[in-house]
Amino acid sequence: MNSSWTRRDFLIKSGAALAAVQAIDHFDPCCAMAADASTADKELFELKPVADGIYAAIAAPRYKVNSNAAVILTNDGVVVVDSHSKPSAAFALYREIRSITKQPIKRIINTHFHWDHWQGNQVYAEAFPGLEIITSERTRENLTRPDAGSGGVAYIEKQLQLVPKEIEKLGNDLASATDPAQRARLEANLRQTEAYLEELRKMNPALPTRTFDQTVTLNVGDREIQILLLGRGHTDGDVFIHLPKEKVVATGDALIDWMPFMNDGYPEDWVRTLDALEKFDFTQIIPGHGGVMPKQQLTFFRGYLTDLVAAVKKADADGASLDEMKRTLPDLLAGKYEQGMSKHPLGQYRDRIGLNIEIAYRKVIAKT
Ligand SMILES: [Zn+2]
Ligand SMILES: [Zn+2]
């Protein structure tokens, strides 16, 4: 199968896409953060060894966010889990991988369909024509649906309409800012966003070429790699990559070191999916965002989802409106979760708790 579709091919194949894109009037990027968050201005990944031949590529905090990746060396080529938000970021990691091995990159695995985890696929597909891009059947469907959420081919079109507005807003904010530190941040964010728009305009997305609808074990050279499909969670289609011998799991955004992004998620299923993940034997987690974590972090993250849903249900049963919940629940949950969910500059507790309450309410109570 030709893994590289142009956006035009896609739009021809899916006539509904353009209409759907035009109907979308708000921009809720997967991993948006406060515009004045202090972030790095360079494309940086830190390759951290987590086991023999297994690396976590930890993304530097950027206004235009990148996901982490997992890099798995085998004696039959390199496997990379997730490809970041854009080709330049994928190139940056590709160069770092080249500094540790001359083996070709033969396989990419996409953990889910969000923009910041797959929009760099094309770099690897162009460099290695036989490349396999692996994911779940549902994630591939989401990548080509016009209305899946914060990712996929249609979302590139949506961003092409909305990022120019974001640039305009950053420019206006910069023009009215007087504090030197804030001006420096806004200038850096504006530069990143302009460069991102240029990349979006040239994007030639590479879609998955091999999909699964249930858990499988792949023997890649000397390495055993399990692709776990455990149910819905962060999205409908999440996959986990489990290395049983090395006791490592890469989780995408279904388990991260930030507050979760829930807009395309299934809060109650998500808890059950993490229950299923917990049964596997691993000691280290390479999350979609944040740093490498021990297995115990699963308990903390799942606890947040469980307590958030329970708090929203109880408040609803007590007659509270959504607005009242958004006023009272952040402080109610803060004691247990604010510190642990605010370890990094991005994805902090107070940045996301309001939206999380709203999404939990919408999905669990209103069921919209
Ligand atoms: Zn992400
Ligand atoms: Zn995501």
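This one's a predicted model, so the numbers in the text were calculated from it and none came from an experiment.

(A) Expanded view of the pairing of strand S1 (residues 45-51). Bridge analysis of S1 against strand S2 (residues 54-59) gives six bridges, and the strand direction is antiparallel. By the bridge assignment, Pro49 is partnered in S2 with Tyr55. Here S1 folds back onto S2, and the loop between the two strands holds two residues, one of which, Gly53, carries a positive phi near 80°.

(B) Quick peek at the packing of helix H7 (residues 153-176) against helix H8 (residues 180-202). Running from N to C, H7 and H8 cross one another at 155°; their axes reach a closest spacing of 9 Å. Of the possible angle classes, the one that applies to H7 and H8 is roughly antiparallel. The two elements H7 and H8 meet at a crossing, and its hand is left-handed. Between H7, through Ile156, Gln159, Leu160, Val163, Pro164, Glu166, Ile167, Leu170, Gly171, Asp173 and Leu174, and H8, the contact on the second element is made entirely by Arg183, Leu186, Glu187, Asn189, Leu190, Thr193, Glu194, Tyr196, Leu197, Leu200 and Arg201. Of the residues that constitute the contact of H7 with H8, the class distribution is twelve nonpolar, four polar and six charged.

(C) View of the coordination of the zinc ion (ligand 1). Of the protein atoms, only Asp116 (OD), His117 (NE2), Asp253 (OD) and His289 (NE2) coordinate the zinc ion (ligand 1), at distances of 2.1 to 2.2 Å. Seen from the zinc ion (ligand 1), its four donor atoms lie at angles of 85 to 158°, and the figure they make is irregular. Counting gaps between the donor residues of the zinc ion (ligand 1) yields the pattern D-H-x135-D-x35-H. The distance between the zinc ion (ligand 1) and the zinc ion (ligand 2) comes to 3.6 Å, with Asp253 serving as a donor to both metals. Note that His117 is positioned in helix H4 (residues 115-118) and His289 in the loop between strand S12 (284-287) and strand S13 (293-294), a separation of 172 residues in sequence. Taken as a pair, His117 and His289 share a single burial class, namely buried.

(D) Region of the structure containing the coordination of the zinc ion (ligand 2). At the metal site, the zinc ion (ligand 2) is ligated by His112 (NE2), His114 (ND1), His234 (NE2) and Asp253 (OD), and these contacts range over 2.2 to 2.3 Å. Here the zinc ion (ligand 2) is ringed by four donor atoms whose angles at the metal span 87 to 167°, and the overall shape comes out irregular. Within one chain, the residues donating to the zinc ion (ligand 2) are spaced in sequence as H-x1-H-x119-H-x18-D. When its relative accessible area of 1% is taken as the criterion, His112 is described as buried. We classify His234 as buried; its relative accessible area is 1%.

(E) Structural view of unusual backbone geometry. For Asp82, which is not a glycine, the phi torsion comes out positive at approximately 75°. Within the secondary structure, Asp82 sits in the loop between strand S4 (77-81) and helix H3 (87-98). Even without a glycine there, the phi angle at Lys367 is positive, about 50°. Structurally, Lys367 can be placed in the segment after helix H12 (349-366). For Lys367, a relative accessible area of 60% translates into the label exposed.

(F) Summary view of helix H9 (residues 267-278). Under the 1.5 Å per step criterion, the end-to-end length of H9 is 17 Å for twelve residues, consistent within 8% with the ideal 16 Å. Inspection of H9 places Pro267, Asp269, Trp270, Val271, Thr273, Leu274 and Leu277 among the buried residues, and these make up the whole buried set. Looking at the buried positions of H9, the neighbouring elements they touch are strand S9 (223-228), strand S10 (240-243), strand S11 (248-252), helix H10 (297-317) and H12.

(G) Representation of the sheet that holds S13. Pairing is mixed across the open sheet formed by six strands, whose spatial order is S8-S9-S10-S11-S12-S13. Looking at the sheet topology across the chains shown, the edges are occupied by strand S8 (216-220) and S13. Relative to S12, S11 is paired through four bridges, and the arrangement is parallel. By the bridge assignment, Val248 is partnered in S12 with Gln284.

(H) Highlighting the packing of aromatic side chains. Within this structure, the stated rule accounts for six aromatic pairs. Judged by centre distance (5.3 Å) and plane angle (50°), the ring pair of Phe300 and Tyr337 falls under tilted. Linking Phe300 in helix H10 with Tyr337 in helix H11 (residues 322-337), this pair joins segments that are 37 residues apart in sequence. Looking at Tyr337, the relative accessible area reads 3%, which means it is buried. Taking the centre distance of 5.4 Å and the plane angle of 75° together, the rings of Tyr304 and Tyr337 count as edge-to-face. A residue pair is termed long-range when its members are at least 10 positions apart, and Tyr304 in helix H10 and Tyr337 in helix H11 qualify at 33 residues. Taken together through their ring pairs, the aromatic side chains of Tyr94, Tyr124 and Phe128 make up a single cluster. One cation-aromatic arrangement involves Lys363 over Tyr266; the distance from NZ or CZ to the ring centre is 5.5 Å.

(I) Representation of the pairing of strand S3 (residues 69-74). The element S3 is extensively covered by neighbouring structure, given that six of its six residues are classed as buried. By the alternation rule, side chains of S3 split into Ala69, Val71 and Leu73 and Ala70, Ile72 and Thr74, which are all buried. Examined bridge by bridge, S2 and S3 share four bridges and lie antiparallel to one another. Paired with Tyr55 across the two strands is Val71, which belongs to S3. With five bridges connecting them, S3 and S4 associate as antiparallel partners. By the bridge assignment for S4, Thr74 is matched with Gly77. Connecting S3 to the next strand, S4, in antiparallel fashion are two residues.

Rules used in this analysis
- Residues numbered from 1 in each chain as written.
- Chains lettered and ligands numbered in written order.
- Predicted model: local features only at pLDDT ≥ 70, side-chain atom pairs only at ≥ 80, totals over all residues.
- Heavy atoms only, no water.
- Pairing = 2+ DSSP bridges.
- Helix = DSSP H or I, 4+ residues; strand = E, 2+ residues; numbered from the N terminus.
- Axes fitted to C-alpha atoms, helices over the stretch in contact; angles between N-to-C directions.
- Parallel < 35°, antiparallel > 145°, perpendicular 65-115°, else oblique.
- Left-handed = near helix turned anticlockwise from the far one by under 90°.
- Contact = heavy atoms within 4.5 Å.
- Nonpolar A, V, L, I, M, F, W, Y, C, P; charged D, E, K, R; others polar.
- Donors = N, O, S within 2.8 Å, 3.2 Å for Na, K, Ca; no water.
- Tetrahedral: all angles 85-135°; square planar, octahedral: opposite > 155°, others 65-115°.
- Buried < 20%, exposed > 50% of the residue type's maximum accessible area, 1.4 Å probe, protein only.
- Expected span 1.5 Å × (residues − 1).
- Phe/Tyr/Trp six-rings, centres within 6.5 Å; stacked < 30°, edge-to-face > 60°.
- Lys NZ or Arg CZ within 6 Å of the ring centre and 35° of its normal.

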